[in-house]
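Observations on the three-dimensional arrangement
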Amino acid sequence: MRTEDTAIRRGKMSRVFHRLRESLQIQLLAWVLLTLFGAICINLYLSFRSADITADLVTDHTLLASARVIAEAVHVDAGGTVAVDIPPAALEMFDTGYGDRVFYQVVTAWGSLVTGFPGMPQPKIEQTGEDGNFRGDPVRMVMLNHPVVGLPNDGDISVTVAVTRNGQHAMRRSLWLSDFTKQLVLVLLAGLVTIIGLQRGLAPVLRLRDAVRDRGRDRLDPLRPDMVQSELRPLVHALNDHMERVQNQMAAQRRFVSNAAHQLRTPLALISTQASVAAREADSGRRDEALQALRGSTRQVTRLASQLLTLSRAEHGARRPRNDRIDLSAIARQILESHAEEALRRNLDLGLEAEEPVFVEGDGTMLREMLVNLVDNALRYTQSGGTVTASISKQDDVAILAVEDNGPGIPEAERGQVFERFYRIMGTEQEGSGLGLAIVREVVDSAGGSVELDEAAGGGLRVTIRLPAA
Ligand SMILES: Nc1ncnc2c1ncn2[C@@H]1O[C@H](COP(=O)(O)OP(=O)(O)OP(=O)(O)O)[C@@H](O)[C@H]1O
Ligand SMILES: [Mg+2]
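Residues numbered from 1 in each chain as written. Chains lettered and ligands numbered in written order. Predicted model: local features only at pLDDT ≥ 70, side-chain atom pairs only at ≥ 80, totals over all residues. Heavy atoms only, no water.

1. Thoughts on the overall build of the chain
Along its length, the chain carries 9 helices and 14 strands. Here the chain has a C-alpha radius of gyration of 51 Å; the compact-globule value for 470 residues is 23 Å, and the former is much larger. Along the longest, intermediate and shortest principal axes, the C-alpha atoms of the chain span 170 × 55 × 50 Å. Here the chain holds 470 residues, and 34% of them are scored as buried. Long-range pairs, those at least 24 residues apart, make up 62% of the contacts in the chain with a sequence separation of at least 6. About 28300 Å² of surface is accessible on the chain, with carbon and sulfur atoms providing 55% of the total. Computed over 53 positive and 59 negative side-chain charges, the separation of the two mean positions in the chain equals 8 Å. (Helix = DSSP H or I, 4+ residues; strand = E, 2+ residues; numbered from the N terminus. Rg over C-alpha atoms; globule rule 2.2 N^0.38 Å. Buried < 20%, exposed > 50% of the residue type's maximum accessible area, 1.4 Å probe, protein only. Contact = heavy atoms within 4.5 Å. Areas by Shrake-Rupley, 256 points an atom, 1.4 Å probe, with all protein chains shown as cover. Lys, Arg positive; Asp, Glu negative; His and termini not counted. Charge placed at Lys NZ, Arg CZ, Asp CG, Glu CD.)

See the structure below:
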C-alpha cells in the first residue's frame, strides 16, 4: 500500500514538475531569480570586503591616535632617563564594550624597552596597520616613530599599540549587515518589479490562448493581430493563415458532399422511375427494355460510388503511405489486357509501348486506379476507329507514363479545370461523374510526381505523368 502511495505521489510530483518546466512564465521567472541569486551572492562578498576594509581603517586610525598620545607623553627626565606616564585616554579609546585588550610598548632607538609589554611583535612599516598575534590572540597593531627632545641627537622612540579584534569584528559585522540589507532590499524590489513586468508582458499571450481556446467549433474568423505585442504578431498571422486554409478546406468538403449527393440523386431517381415502369409494364418486350435501362442506371450509380470511394482513399493522408516497389509496365500490361475486349468492341486500336521494367515507389492499388482512369477516359472519349497508346519509359531518375489518343482532346482553356472534382466538359455525351482526373491528380500528388495535359501528335489528348523512379 505504502509503495503504491509513494508511486502515485511521485507520479503527481513529476507531472507538476513537468507542467512547471513547460510554463514559459515559470521558466522566465526561474532565469530572473537565478540572476538575482547570483547578484545577491556577489553582493554578499563585495559588501563583506568593503566592511572589512572600513573596519580596518577605523581601527588603524584609533591605534595611530593612541600611539601618538603615548609618544607625546614620552620625555627625558632630569636624570637623563627616558620616562613615560601613559595617559589613560590613550587606552580608553579602545573601550568599546567588546572586552578588547590593548597592548603597548615604547622602545628607544637603541632597543631598550621604556615601558609596556615585552616581546610584542613589531609592524614592518611605520604608521600602517598590520595583523599579528600576541599572547595567543589575533591583534591589529600600529607602530609610530617619534622624536624625543633630550635623547642623544634628539633620537626617536618607537611606540607600538596593538588591540585584540573583537570590536573590529563587531564593527565589520554591523557595517556589512546594514550595507547588505540595503542591497538586498534593492535586489528584492528589482525582482518584484520583474515579476510584475513578466506577468504584464505575458498577459497578451494568455489572452491569445483564451481567445483561441474559447472559440466555438465553427468559428474560423481571423484573430486580431493587435491583441499581442509586435514580436508575437507573426504567430497570429500564421494562425490566421492556417484558419483560412482550414476554412477553404471545409468549404471544399461541403461542396464535394453536396455535389456527390446531387450526382447520386439523379440516377437513383431514374432507377426508381425505371423500376416502377418495369413493374407496371405488361408487355414483356417493353419490360425488358425498362429493365435494361434500369441496369444501365444501376451501373452508373455503382461506378459513381466506386469513384467516390477511390477518391477518398487517394486523398492525401487518407491511407498510411505505402512504398511498394511497383513495375509500371507490368501494371499497364494487365490493365490494357483487361480493356482489350472493350477496345475491340469499339473498334479502337489499343497499344502499349513499354520499356521493361520501370519501377516506381508507391501504393500499387492507387497507381493502378490512376492508370485505369486514364485508359478508361482515352477509350471512352475517342471515337470508334481511333487509336489509344500507352507508353512507359524511364529517363534518368524519372519514370514517364503517357496515355495518348486521337480523340477530340481537351481545349487548352479547360486543361486546368478538368482535374477539379465533378468537372466535366460541356457537351460530353459519355456518362461519367467528373472524378477520374481528380483521382489521377491525388494519386500523382501523393506519389510525389507531376501530371501534364497537352495535344497529342494525332490531335487528341496526351496525358504525361512523371514519377520518381525507384
Ligand atoms: N482522353 C480524353 N479525351 C477527351 N476528353 C477527355 C479525355 N479525358 C477526359 N476528358 C474530359 O475531361 C472530363 C473530366 O474527365 P474525368 O475522367 O475527370 O471525368 P469523367 O470521365 O467525366 O467521369 P469519371 O471518370 O469520373 O467517370 C471529361 O468529362 C471529359 O470531357
Ligand atoms: Mg473519366
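2. Quick look at the side chain of Arg-172
Relative to the assigned elements, Arg-172 resides in helix α4 (residues 166-213). Residue Arg-172 is classed as buried on the basis of its relative accessible area of 19%. Excluding anything up to four places from it in sequence, Arg-172 contacts Phe-48, Ala-51, Asp-52 and Ala-55.

3. A word on the sheet that holds strand β9 (residues 349-354)
In sheet architecture, strand pairing relies on hydrogen bonds along the backbone and comes in two forms, parallel and antiparallel. Taking strand neighbours across the sheet as the criterion, the 5 strands line up as β9-β11-β12-β14-β13 in an open arrangement whose pairing is mixed. Since the sheet does not close on itself, it has two edges, and those belong to β9 and β13 (450-455), each with one partner. The mean angle between the axes of side-by-side strands here comes to 15°, regardless of whether they run parallel or antiparallel. The pairing of strand β12 (residues 398-405) with strand β14 (residues 461-468) spans 7 bridges and is antiparallel. Looking at the pairing, Ala-402 lines up with Thr-464 of β14. Sheet contacts for helix α8 (residues 364-381): β9, β11 (387-395), β12 and β14; angle to β12, the most-contacted strand, approximately 25°. (Pairing = 2+ DSSP bridges. Axes fitted to C-alpha atoms, helices over the stretch in contact; angles between N-to-C directions.)

4. Structural notes on the domain arrangement of the chain
Quite often, the size of an interface is put as the accessible area lost when its parts meet. Per the domain assignment, the segments making up the chain are domain 1 (1-214), domain 2 (231-312) and domain 3 (321-468). One C-alpha centre belongs to domain 1, the other to domain 2, and the line joining them spans 91 Å. (Domains from an automatic or database assignment.)

5. Observations concerning the packing of α8 against helix α9 (residues 436-446)
Close contact between α8 and α9 brings their axes to 9 Å; oriented N to C, the two are set at 145°. Of the two elements, α8 crosses α9, and the hand of that crossing is left-handed. Seen from α8, the contacting residues are Met-366, Leu-367, Met-370, Asn-373, Leu-374 and Asn-377; seen from α9, they are Gly-436, Leu-437, Ile-439, Val-440, Val-443 and Val-444. Partitioned by chemical class, the residues of the contact of α8 with α9 number 9 nonpolar, 3 polar and no charged. (Left-handed = near helix turned anticlockwise from the far one by under 90°. Nonpolar A, V, L, I, M, F, W, Y, C, P; charged D, E, K, R; others polar.)

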